[in-house]
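# Tertiary structure, described
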Amino acid sequence: TKSDSTGSDTHSRNGSYGGGGFKNGGGQGSQYGDAEQKRKLNGFIDEYVASGVMDDILDYNCTDYKVWAAVINDGLRDRKSRQIKHFIEAITNSFELDILDNQQSNFEHVVVKHLTIEFDESSMDCPNFSTYVQW
């Protein structure tokens, strides 16, 4: 099923995906958003970073902006430097494929707000965090 921006239920897929691609083995991660949905979305983004194929992200169709906020914040903070460009491409492509949008300012009110709240702490963990956010 597809969720609204509050994100109670989303379409789910079978499969086990971990937080690969993180410089600290997956990081502690944000407590924001559903943990299982974040784990799956991170796994699909890992697949994109490795292959350049958006199919799993598109099929998963996560519309919970809290999940995206946590995944984006944690990814910009914790991913290896060489993966950041591809990680940001996954986010950009998600807008182009209408997985993400800013209708009713959901992206701004949830994702950007979360990045702002976490900015100081994430910048301490990743000195390039502000550069990645601006990218």
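Structure shown above.
Predicted, not measured: the structure shown is a model, and the values here were computed from it.

Core analysis: the biggest nonpolar cluster contains 30 residues, and Leu41, Ile45, Ile57, Trp68, Ile72, Leu76 and Val111 have the highest contact counts within it. Residue assignment for this core shows that the elements contributing at least two residues are helix H1 (35–51), helix H2 (55–60), helix H3 (65–78), helix H4 (84–96), helix H5 (106–125) and helix H6 (129–134). In terms of residue count, the dominant contributor to this core is H3 (seven residues). If sequence neighbours within four positions are ignored, Ile72 has contacts with Phe87, Ile91, Phe107, Val111 and Leu115.

Glancing now at the packing of aromatic side chains. Each aromatic ring pair is specified by the distance between its two centres and by the angle formed by the two planes. Under the counting rule described, the total for this entry stands at four aromatic pairs. Both rings, one in Phe95 and one in Phe107, keep their centres 4.9 Å apart while their planes meet at 75°; by these two values the pair is edge-to-face. Of this pair, Phe95 sits in helix H4 while Phe107 sits in helix H5, placing them 12 residues apart in sequence. Judged by relative accessible area, Phe107 falls into the buried class, the value being 15%.

A negative phi holds for most residues other than glycine; trans holds for most peptide bonds. Even without glycine at this site, Asp98 takes up a positive phi of about 65°. Taking the relative accessible area as the measure of exposure, Asp98 reaches 62% and is therefore exposed. Although it is not a glycine, Gln104 adopts a positive phi angle of roughly 55°. Counting through the fold element by element, Gln104 comes out in the loop between H4 and H5.

Definitions and cut-offs
Residues numbered from 1 in each chain as written. Predicted model: local features only at pLDDT ≥ 70, side-chain atom pairs only at ≥ 80, totals over all residues. Heavy atoms only, no water. Core = buried A, V, L, I, M, F, W, Y, C linked by side-chain atoms within 4.5 Å. Buried < 20%, exposed > 50% of the residue type's maximum accessible area, 1.4 Å probe, protein only. Helix = DSSP H or I, 4+ residues; strand = E, 2+ residues; numbered from the N terminus. Contact = heavy atoms within 4.5 Å. Phe/Tyr/Trp six-rings, centres within 6.5 Å; stacked < 30°, edge-to-face > 60°.

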